[in-house]
Each structure stands twice: as C-alpha cells, then as structure tokens.
Amino acid sequence: MTIQPNSVEARDIAYQMPAAADMRRHEETGSVVMERGDGIYVWDNTGKRYIEGLAGLWSVAVGFGEKRLAEVARAQMERLPYYHSFSYKTHGPSVDLAEKLIQLAPVAMSKVHFTSSGSEANDLMVKMVWYRANALGQPLKKKIIGRIKGYHGVTIAAGSITGLPRNHESFDLPLDRMVHTSCPSYVHFGQPGESEADFTARMLQDLEDLIAREGPETIAAFWGEPAMGAGGVLLPPEGYWQGVQEILRRHDILLVADEVICGFGRTGHMFACTTYGIAPDVIVLSKQLSSSYLPLSAIVMNDRVYQPIADESHRLGVFGHGFTASGHPVATAVGLENLKIIEERDLVGHVQRISPHFMDRLARLATHPLAASWRGVGLMGAVELTPWETPFTAAQTVAARMEQEGVIIRGIGEAICFCPPLIITDAQIDEMFDIATRAFDAVL
Ligand code: PLP
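Residues numbered from 1 in each chain as written. Predicted model: local features only at pLDDT ≥ 70, side-chain atom pairs only at ≥ 80, totals over all residues.

### Re the overall build of the protein chain
The secondary structure content of the protein chain amounts to 16 helices and 15 strands. For the protein chain, the C-alpha radius of gyration of 22 Å lies close to 22 Å, the compact-globule estimate for 444 residues. C-alpha extents for the protein chain along the principal axes are approximately 65 × 65 × 45 Å. Burial analysis of the protein chain (444 residues in total) assigns 48% to the buried set. Looking at the protein chain alone, contacts between residues at least 24 apart form 70% of all its contacts between residues at least 6 apart. (Helix = DSSP H or I, 4+ residues; strand = E, 2+ residues; numbered from the N terminus. Rg over C-alpha atoms; globule rule 2.2 N^0.38 Å. Buried ≥ 20, exposed ≤ 12 C-beta atoms within 10 Å, placed from the backbone. Contact = placed C-beta atoms within 7 Å.)

Structure representation (structure tokens):
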C-alpha cells in the first residue's frame, strides 16, 4: 500500500513511536488505522471490516460500541470528571466498584486499591510486598517468583516478573530480586514419554528446588496467571495449582493471582481462581474490568496483605504511594457499569454455553495440515502450528494472512491464539473459524 503524504498513516510514521513493534519496519510500512467498532467487529479507515478475534488485547468483554458505557462516562464527566484519592478524599464511583469487587471475589478479600493498567497494578503490588515484609520485620523476605513465559506487564518490577526474553532484552531486566520457575505447559515442556501427572510432579519439584536454592526465608511471593495468556494460551496441567498452593503455604509465600486476562468470565467462571481451585492472597485485575473502554486496574487483597501494610503506614504516618489517576471517577464508573452488563447479560453463563462450540471449532482447525494440536478454556484458545524454517514463523505467516482475510488474532510462538469478546455468538464463532480455515488453506 502506498502511503499518501499527510495522511493519518504518514503522520503516524512521522510523529508516533509505536508499541510492541519493529520501529524500522513501522517507518516503512506504517500501521493499520482503526476507525470504529461495533460488537465483535472493527473497521479500518479503508472501510475494511475485521472480526476482533483477540477482543483488542484480550480485553473488550462486552464488545465494541457499547452505548451504556459511553453514557455512563459522559454523565460522570459532567458531574465530577476527576478527583484523586490522596489525603483522605474519595468519591462514589470508586467506592461502589470496590464494594462490587469485594462481593464478587472468589475468596474472602478485604480491600481494593485502584490503578490504571495491569503493569501498574503488578508494579505497585511488588512494592506492597516489600513494604509488608519490612512491616513484619522480615527485611530479607523480598524475592519474587515468576514463571518462564508468564506475563505480568512491562514496567520495571512487573516486567521483571514477566518471564519472556523479549520483554527483558536490552532493558536491563529482570531485577535481581525476581527469579523464575518452570513454565507448566505440558504441550511445550513435557518430555518424550512423560505423563501429564509426571510432568506436574516435575514442575512442582522445580518450584521446591528453586525455593530451597534461594532460601525460603528470602522469598516473599509467587506471581501467576491462573491460565497464561500472553505467553501463548498455556493451560496448567491437572493438579498443578493444588500443588503450588501447598508448597507456598508451607514456606509462608504469598500467592498473587494475575487475573488481568482471565478475570470476569474469560475461563467460564467470573474468576479463573474458581476454574482452577486457587485461593490467592491477592487478585490483580484489569482489561475486562472496564472492557478497556478506559484504563483501569485493581489490586484486591486479603487481610494477610492489608493489615501489616496498614500498620506500617500508621507507623510512618503515610503510605507513601499514590497515582494521580488512581480510582479515577470516570474509569471506575465505567468499570461498574461494565460489570453490571456482564451480570445482566449473564456473559459468564454465555461463555459456559458457547465454549463447547468454540472448542469444537478449535479442534477442527487443528486437523488442518499446518496444525499440530489445540488447547482452550472458556473463550480463550490456541491452535499450535507445526514449526517451519523461513524468515517468518508459521504463526506470523498465518496471523498475517488471517488479518488479510478479516480476522485479527495473535500469533505467539507457534500458536494462533483466539480470545474473542465474550458476547460472540455461535454463528460468529463459525464465521471466525471459517475465515481462519480459509487463511490456513491459503498459506498451505
Ligand atoms: N498481567 C497480565 C496477565 C496481562 O496479560 C497483561 C497484559 O496483557 C498485564 C498484566 C499488563 O497489563 P497492561 O498492558 O495494562 O500494563
């Protein structure tokens, strides 16, 4: 495509530094300019329509163009567009949403603290883990365990817990206090002849060994996505989370469940902690919390976390942390309305009802000659491709072809990852996978 002088594309190249891109490539080819969205569809500025097979960035639960969210945002903008939560100030929208999250939480939780992105929430949570350790007189208990292929964001601490080399390379990450244990993806890391049960046992032994090597008295917390998303939709094997929790309890290590992707119905329950039987100390939420209509994230914590931090803030006279936009009134009002929509339309029940059809289509796509296997939970799934040797991976090639055919998904490693808006219908699932099959055929 030729880029016209002074077009949006040309000015994008001239003025913007893109995210998650090869910038030299961006300078040559520019970006697709998105203009509007409705339901599961988005349109670019040439009028081309796409199915958003990844719900934006795993996030637009209620679909694009939801008028109720726009109306609530407008009303809140007119009433109180901004207020902060410093120095004993608050406002109704953040209180209402905090109360709602405490009510919805899958285990007893006591407090919510709002931030604006998943990275910010995880970064702050790291500081809170360290603050808590100091409060408890455990100044050595500061290390954090993440997992290879785990994703928790890109800020300095969150990016250090992330276990993906491309988020570390040349950024001087990870920080020394972050260590990583094995990735529990049986498909990728199971050894020839190893049963799933043996694989799980080996993953748990790896965790035990890491804790023993580092010294349990130095380890404060374990971070995990109940089902890994950005690492390529990697699902935990049977018994994994039960085993991990038993080990963490034995060594007095906090468990932070990063439900930034999984939360609010994605895995067929309101929270994936329910899907996998996880009882965490902290749940980190974002994305589907506001369907990403506005930036919003939340840390939901139990008393074991909150009480020592509260004591320390009292001893010091202040909890020396706060963002200008923490608990933003418009974002929290939109978040609450978004959760009302998820409940009123029973989107969690909808995911449960529609998931078998989604799985069936994943399984059928996985019979294609390009494919090796598939996996999925709720409305999140992946088809693993057989790797090939060209400048672009099989997944990059197929993902590009799918976009050309009108479905946006994500190629991660060798996996084609699907994570559509929760409102998708049976017919739209068929439409998405029919286009995917066409793209697979075209690449073959
Ligand atoms: N945690 C998880 C599990 C995520 O998937 C993401 C983003 O994809 C993040 C944290 C980071 O969120 P953000 O991009 O809002 O900083």
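### A closer look at the domain arrangement of the protein chain
Many structure descriptions define interface size as the accessible area lost when the parts assemble. What the domain assignment reports for the protein chain is domain 1 (32-62 + 346-443) and domain 2 (70-344). Its C-alpha centre places domain 1 at a distance of 26 Å from the equivalent point of domain 2. Taken together, the contact pairs 25 residues of domain 1 with 22 residues of domain 2. Of all the secondary-structure elements, those providing two or more residues to the side of domain 1 that touches domain 2 are helix 3 (55-58), helix 14 (347-365), strand 11 (371-377), strand 12 (380-385) and strand 15 (415-418). With 5 residues, helix 14 is the largest single contributor of residues to the side of domain 1 that touches domain 2. (Domains from an automatic or database assignment.)

### Section: the pairing of strand 10 (residues 297-301)
Two faces, one strand: in a regular strand the side chains alternate between the faces of the sheet. Burial of strand 10 is extensive: 5 of the 5 residues sit out of reach of the surface. For strand 4 (residues 111-115) and strand 10, the ladder comprises 5 bridges, and the chain directions are antiparallel. Across the sheet, residue V112 finds its bridge partner in strand 10, namely V300. Relative to strand 10, strand 9 (residues 282-285) is paired through 4 bridges, and the arrangement is antiparallel. If you follow V284 over to strand 10, its bridge partner there is I299. (Pairing = 2+ DSSP bridges.)

### Side note on the sheet that holds strand 13 (residues 407-408)
By definition, the strands of a sheet pair up through backbone hydrogen bonds, in either a parallel or an antiparallel sense. Pairing in this open sheet of 4 strands is mixed, and the strands run 1-2-3-13 from one edge to the other. The outermost strands of the open sheet, each flanked by one partner alone, are strand 1 (34-38) and strand 13. Two strands pair when backbone bridges link them, and strand 3 (residues 49-52) and strand 13 are joined in this way by 2 bridges, in the parallel orientation. Across the sheet, residue I51 finds its bridge partner in strand 13, namely V407.

### Some details on the packing of helix 6 (residues 118-135) against helix 12 (residues 303-316)
Where helix 6 contacts helix 12, the two axes come as close as 8 Å, and the packing angle between them is 70°. Between helix 6 and helix 12, the angle is such that the two are roughly perpendicular. Handedness of the helix 6/helix 12 crossing: left-handed. On helix 12, the residues that touch M128, Y131, R132, N134 and A135 of helix 6 are V305, P308, I309, D311 and E312. A class-by-class count of the residues in the contact of helix 6 with helix 12 yields 6 nonpolar, 1 polar and 3 charged. (Axes fitted to C-alpha atoms, helices over the stretch in contact; angles between N-to-C directions. Parallel < 35°, antiparallel > 145°, perpendicular 65-115°, else oblique. Left-handed = near helix turned anticlockwise from the far one by under 90°. Nonpolar A, V, L, I, M, F, W, Y, C, P; charged D, E, K, R; others polar.)

### Notes on the environment of C183
Among the structural elements, C183 can be located in the loop between strand 6 (178-181) and helix 8 (186-189). Once the C-alpha coordinates of C183 and L234 are considered, the two residues, 51 residues apart in sequence, prove to be 8.6 Å apart. With residues up to four places along the chain from it excluded, the contact list for C183 reads R147, I148, K149, H188, F189 and L234.

### Focus on the site of the ligand
In the vicinity of the ligand lie 15 residues, with S117, G118, S119, G153 and V260 positioned nearest. Sorting elements by how many residues they give to the shell around the ligand places helix 6 first, with 3 residues. Within the shell around the ligand, the residues separate by chemical class into 5 nonpolar, 8 polar and 2 charged. (Near = placed C-beta within 6 Å.)

### What to know about the nonpolar core
Taken as a class, soluble globular proteins show a tendency for nonpolar side chains to be buried jointly. Membership of the largest hydrophobic core comes to 130 residues, with the highest contact counts inside it found for V282 and V300. Two domains each donate at least three residues to this core, and these are domain 1 (32-62 + 346-443) and domain 2 (70-344). (Core = buried A, V, L, I, M, F, W, Y, C linked by C-beta atoms within 7 Å.)

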